[in-house]
Every structure is written in C-alpha cells, then in structure tokens.
Protein chains: 4
Amino acid sequence: MTGIRERSYQWRDPLASASVAPTVDGLSYMQAMMRGELPHPPILDTLDFELESVDVGSAVFRLRPAEFHYNPIGSVHGGVYATLLDSAAGCAVQTTLPAGAWYTSMGLNAKFLRRITVDTGEVRCEGRIVHRGGRTALARAELTDGAGKLLAEATSSCLIMRAAEER
Amino acid sequence: MTGIRERSYQWRDPLASASVAPTVDGLSYMQAMMRGELPHPPILDTLDFELESVDVGSAVFRLRPAEFHYNPIGSVHGGVYATLLDSAAGCAVQTTLPAGAWYTSMGLNAKFLRRITVDTGEVRCEGRIVHRGGRTALARAELTDGAGKLLAEATSSCLIMRAAEER
Amino acid sequence: MTGIRERSYQWRDPLASASVAPTVDGLSYMQAMMRGELPHPPILDTLDFELESVDVGSAVFRLRPAEFHYNPIGSVHGGVYATLLDSAAGCAVQTTLPAGAWYTSMGLNAKFLRRITVDTGEVRCEGRIVHRGGRTALARAELTDGAGKLLAEATSSCLIMRAAEER
Amino acid sequence: MTGIRERSYQWRDPLASASVAPTVDGLSYMQAMMRGELPHPPILDTLDFELESVDVGSAVFRLRPAEFHYNPIGSVHGGVYATLLDSAAGCAVQTTLPAGAWYTSMGLNAKFLRRITVDTGEVRCEGRIVHRGGRTALARAELTDGAGKLLAEATSSCLIMRAAEER
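What comes next is a walk through the structure. Here the structure is a predicted model, which is why all the values come from computation and not from measurement. (Residues numbered from 1 in each chain as written. Chains lettered and ligands numbered in written order. Predicted model: local features only at pLDDT ≥ 70, side-chain atom pairs only at ≥ 80, totals over all residues. Heavy atoms only, no water.)

Some words on the packing of helix α4 (residues 78–94) of chain A against helix α4 (residues 78–94) of chain B
- Look at α4(A) against α4(B): their axes get within 8 Å of each other, and the N-to-C directions meet at 150 degrees. When the axis of α4(A) is compared with that of α4(B), the two are roughly antiparallel. Judged by the twist between their axes, the crossing of α4(A) over α4(B) is right-handed. In contact with A:G78, A:G79, A:V80, A:A82, A:T83 and A:D86 of α4(A), α4(B) contributes B:G78, B:G79, B:V80, B:A82, B:T83 and B:D86.
- Its residues placed into classes, the contact of α4(A) with α4(B) shows four nonpolar, six polar and two charged. (Axes fitted to C-alpha atoms, helices over the stretch in contact; angles between N-to-C directions. Helix = DSSP H or I, 4+ residues; strand = E, 2+ residues; numbered from the N terminus. Parallel < 35°, antiparallel > 145°, perpendicular 65-115°, else oblique. Left-handed = near helix turned anticlockwise from the far one by under 90°. Contact = heavy atoms within 4.5 Å. Nonpolar A, V, L, I, M, F, W, Y, C, P; charged D, E, K, R; others polar.)

This is the structure we're talking about:
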C-alpha cells in the first residue's frame, strides 16, 4: 500500500523534572530545562518542538511544520497551534513564580489567523505576561513565521497556587 | 541513561483525503473516514486518538492518555485537550456542510477543568453544533472521562466557504 | 432639532446590598434581591433589565430591547448582550456560594449569533453552572428570544474567594 | 425612602447615522461622528462614554466611572467593561473598511483584571487591529486607568461584509 509514513522518537521520564519543580523558582527551572539539565516534557518530543529562550515574563518555542502535524485538509491542525500557544503562555507565567509556587492553566483562547503548511518553514511562538496578580495571571502568546507575519495568537488565564495554601 | 522511552507510529498521506473532500458532503466524507475508506489525518496518529462516531451536527473522538501526552508536571498537556476539542467541534461543523463547501476554524476558546493522567483512563470528546449560519458556525465540545465527569470544554467559531465564492 | 429623545430613571444606593452580602449565602442573597428586599444593582436600572428567577446553580434575566441600547447600525450593542450574559453567568455562580464566600469574574467569552432590535421583543438570558471547583467556577449563559432562538451565548470563568483567605 | 438617585439623559435618532454609513469609508464615518456631524450611537449616552480619537486601525473611548455603572458589589459591572472593549475593538476594525463594506462582531473575549470604582477616575479604552483579512478581522482592546495600569483587555473577531455579496 502506498503513502504510508513512519516516525520514531524518544522522550524521557517526565517525573524527573516534576520532582525538581517545587524546589526552585520558575525561571531557574525553565533555564535548567533549556540547558538540558532537566528533561523537557514528552509533548515537546511528540510534536517535535523546542524551547528557544526564556526570560522573566517571557518564553519562546519554535517548531518546523511537518506532515505528521496535519489535519485532513493538508495543513497544520489547530491543536498544534494551541499546543505551542499554551506552552509559550504558560511558561511565561512560570518564569515569574518563586520556589514553592506553581500554576495551572484555566483556559486558552486561541485565534487562528493563517494556514500553516510544510512550506511555511519554521514558526516561532512567543509568550509574554500581560498581568501577574497574586492568585491569577494572564499571558498572551503570538505565533509568527520567519518573516514575522502573525499566524495565530492566544491569551491564557492561569491560576497561581502556593505550597502554604495546600496545608 | 535511564528513563528513556521510544515510540514508533505510522500515518498515511493526507492528500488522498484532501482531494476527495470537495466532491462529497461533509457527513459522507466523515463517514468514509470512519469506515477507513479514506485515511484519517496524521495528527490522529501522532497523538493517538480516534474518531468514534459522527452524525449530522455531532462528532465524537476518544483518546487513552499516555506519558507521551504529558506536560512537565506529570499530566496531559493542555494542547492535547485543545486538539481533541478543536477536532470534535470542527468535525461537528463539517457534518453539516454540503458538497463544495468547507470550513476553517477561526479560533478555539477552551476551558481546562480537571487534570488528566494515565490513571484517568480513556477520555471522550463530543462536539455539537450550537449555531449554523450561512457564513459562520459555532460548535461546542465537551471532554469527559469514563464516568461522564467534565474535564474540559470549548467553543469553536468557524467560517464557512463555498466554491462559488472563490471564483 | 429633530430626533432628540430623553429618558429618566432611578436607582438605589448599591452599598445597602453590598453590606448584606457577606452575612448570607448566595442563593438567599439573590432571592432577597428578587423579592425587592434588597436593592438590585444600578446597572439593571441603567440598562433596564431585570432578574426573573434564581435557583441553585442558575439565574435568569430578561430585557426588552429599546433604542437606547443601540449601536450605530440600528441594533442592540454587543455590550448589552455582554452585560446580560455576564450577569446571568455570574449570578448562577453566586447561588452556589456559602455565606462568607464571594466571587469575581475573570472574564467573559461571548459569541454574538443574531442581531437584536426593538422588533425582537423581550429577550431572556439564562445562566447555569458548568463546573464548580473550590477556587474557580465556570458558568455558561444563553440569550434567547421569545421563540427560544439562540441570539448569543457565553462562558464566564470566576474566581471564588473566602473570608478566611483574606486574613 | 433614602438612597434613591435619579438620572436623565438624551440621545439622538441613530438611524440618521446608520443611513450615512454605506456611502463613506469607515474612517471618514467615524471622524464625522467624532466631530459631531453625525449622531453617535445611543449606547454612548446610556452609559455615558465618549469617542476620544480615531485613526486608521485604532479607536479610543473614555468613560468616567459612576454609581449607575455599578454591579451589586460596589464596583463597575463587567458589562460596562465589555461595552467599552467591544466598541473600541469594533471601531478599530471599522476604520479599515472602504465605502460599501461593513462588519459584524462575532464575539468578544474579555478578561477583567482589576476592579473599577468611582475612585478610579476616568478610564481609557484603546482598540487596535491585530489582523485584517478579506473576510474577517481580529482586533484587541485595552482598558487602562489614568496611570496607564491595565484594567481589562479583550480580543474581538469580526466578519467583514461587502455590498456585492448581498446581491
């Protein structure tokens, strides 16, 4: 039968990273992941995207569109856009957290503006903090192509939790 | 080095399905895909989820959570939720389209309500049409666990296009 | 000069209601407001809508569209839709709160499906709880005309707070 | 009975503006409204806010918070935020339209970040185009206080229509 493709990939046990998370602040944690000292999350391997940079209040990921990201109509599925946007927005929030705090995403509001195909070439997704309160944070992410053209954007509302609240 | 995992999977050339799409109505197209007469989109293989059923105005997908869906904190990444929600909502819209019409998702507004792990077991995502106008459609999708507990939900706004408009 | 219209309306000091709120549970508070024992909020008078019913997890408002609700293109402004949707969703959350707890709306995601004019006649907006967690709640509201046709819908994410957390 | 307040206000027949709309481009129309040559929409009078400036791809409104904007808990109702955000985003889209084209808002995704009271003083809401396609447009609006602090923000998805399509 024609037209069959195959892909193999590897990832690492994500619990190694999860166990470190509570002991360091969010920026240090993300930096350790970027340097490869902590395994990155399996979803990055599954969808083949990577963390390009992190700073206080921002995080950037990049992805090279491939056929295995495709929906039925020959372009990248909206869920792949959403995964990048959610990752960039969430990590932007994480870089603002002290040790002992963590966040959970309450939702993602994504707008899909332009079609992405393998011909689009590498795309870049940058997340930035818009508002950082004590209990909640709002971040925005923008997905752009190599020429800086906006392909999609999203806002993400996160809930911030602290160890003390759990007692 | 410990903790390395590997996965291999296959998918089929998505253009075979894409070329059939304009010639049949949306429901027939989705039904042919469900019966395996048309290849399903690669993203289903990449994230390992499947189409369970389609009907006029609705579509249901299911997924068994696995470690390769994980974010850094040991649970399924929000992007996987979004992929299921976007697929279910979009396909619900597609089942209402006549031959020669197609849709594009303008955005997804997803709310993440509960954590999903491998212990959650198989999850089910059902999309339903809320409003079907001439130029736009609104669909809602709900992601539930085996006990029917709501894990996430979303609305998706779609733009409907017709071949005649392209001339 | 022709075409000038004028309207006068009254409202009551909202602080009377605000001071009662912490001492009773949310449902009792809403019921007292519906019976007229507590002044309803000024925005109801300004936009001339009213509370029709409340129950555990739901609240219904109604409004008769008028020219003073209009945008520049001769129909009801989206902000009026949003006010009804936000009120119904928020009050649905409030009916689930014990005494000493309160909520704040983090956001509203509204979809406008059909135009409303004075010819539409009275519209009805029903809010319902979708998910009620310890720290957050999600509610949905639907705006319908007299024939039950869906005019707009929204989801609202709320943060729940308790007196103890403020100490 | 104590604590009763009253307000009277005027507005002008909105159909005068609506009839002019199709004959001029969106920017000229908004500018004529700002100069008072065309009546502004009644909702501006009802909620007492005004247009401060317009330019290609942007529009700014301002409002002085008052008790008649209040919800039951002694602050400005989310619907008032939404009205400002929807107006600013929608008008930003309108300024990009040629004569004979118009838009309709498909939805508003608003995030409420900070409480507004009469003590907040005048607030400012600026809308800007994010993406302008042939059939759709995406705009963002930000609501800020006098010190530039972000109080709320929103994105609005609009559908663009042209006279030719109606034939």
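Observations concerning helix α2 (residues 26–34) of chain C
Residues and elements named next belong to chain C.
- Within α2 the residues assigned to the buried category are G26, L27, Y29, M30, A32 and M33.
- Elements that come into contact with the buried residues of α2 comprise α1 (15–20), β2 (49–55) and α4 (78–94).
- The backbone nitrogen of L27 has a side-chain oxygen 3.2 Å away, supplied by the residue at the start of α2, namely D25.
- Directly after α2, the chain includes G36, whose backbone phi takes a positive value near 80 degrees. (Buried < 20%, exposed > 50% of the residue type's maximum accessible area, 1.4 Å probe, protein only. Polar contact = N/O pair within 3.5 Å; in protein donor to acceptor, adjacent residues only side chain to side chain.)

A closer look at the relation of the copies chain A and chain D
- When chain A is fitted to chain D, the residual RMSD is 0.0 Å, and the transformation amounts to a turn of 180 degrees plus an axial shift of 0.0 Å. Here the copies are linked by what is in effect a two-fold axis. Within chain A, A:N109 has its C-alpha nearest the rotation axis, a separation of 3.9 Å.
- Take the interface residues of chain A: 100% of them recur as interface residues in chain D, which is what a same-surface contact looks like. (Least-squares fit on C-alpha atoms with pLDDT ≥ 70 in both.)

Some details on the environment of D:S105
- Structurally, the position occupied by D:S105 is in strand β4 (residues 101–112).
- Looking at D:S105, the relative accessible area reads 15%, which means it is buried.
- In this structure, D:S105 is in contact with C:F112, D:D86, D:S156, D:S157 and D:C158, ignoring residues within four places of it in sequence.

Re the pairing of strand β4 (residues 101–112) of chain A
Residue and element names in this part refer to chain A.
- Most of β4 sits inside the fold, with 10 of its 12 residues counted as buried.
- Where β4 and strand β7 (residues 150–162) come together, 11 bridges link them in antiparallel fashion. Within β7, the residue paired with G107 across the bridge is S157. (Pairing = 2+ DSSP bridges.)

Here's the deal with the interface of chain B and chain A
- Every contact between the two is made by 47 residues of chain B and, on the other side, 47 residues of chain A.
- Buried surface at the junction of chain B and chain A, summed over both partners, amounts to about 4,100 Å²; 59% is from carbon and sulfur atoms.
- Looking only at chain B, the three residues that lose the most surface to chain A are B:W11, B:P72 and B:F112, adding up to 15% of its buried area.
- With a shortest N-O distance of 3.8 Å, A:R5 and B:D13 are connected by a salt bridge.
- Our enumeration of links across chain B and chain A arrives at 21 residue pairs in polar contact (both at pLDDT 80 or more).
- Counting only elements with at least two residues in the side of chain B that touches chain A, the list comes to β1 (4–12), α1 (15–20), α2 (26–34), α3 (42–47), α4 and β4 (101–112) of chain B.
- Sorting elements by how many residues they give to the side of chain B that touches chain A places β1(B) first, with nine residues.
- Across the side of chain B that touches chain A, the residue classes tally to 23 nonpolar, 16 polar and eight charged.
- Summarising the sheet, strand β1 (residues 4–12) of chain A and β1(B) pair through nine bridges and their orientation is antiparallel. For A:R12, the partnering residue across the bridge sits in β1(B) and is B:I4. (Buried area = accessible area lost by both parts, 1.4 Å probe. Salt bridge = Lys/Arg side-chain N within 4 Å of Asp/Glu carboxyl O.)

Just geometry here; none of it tells us what the structure is for.
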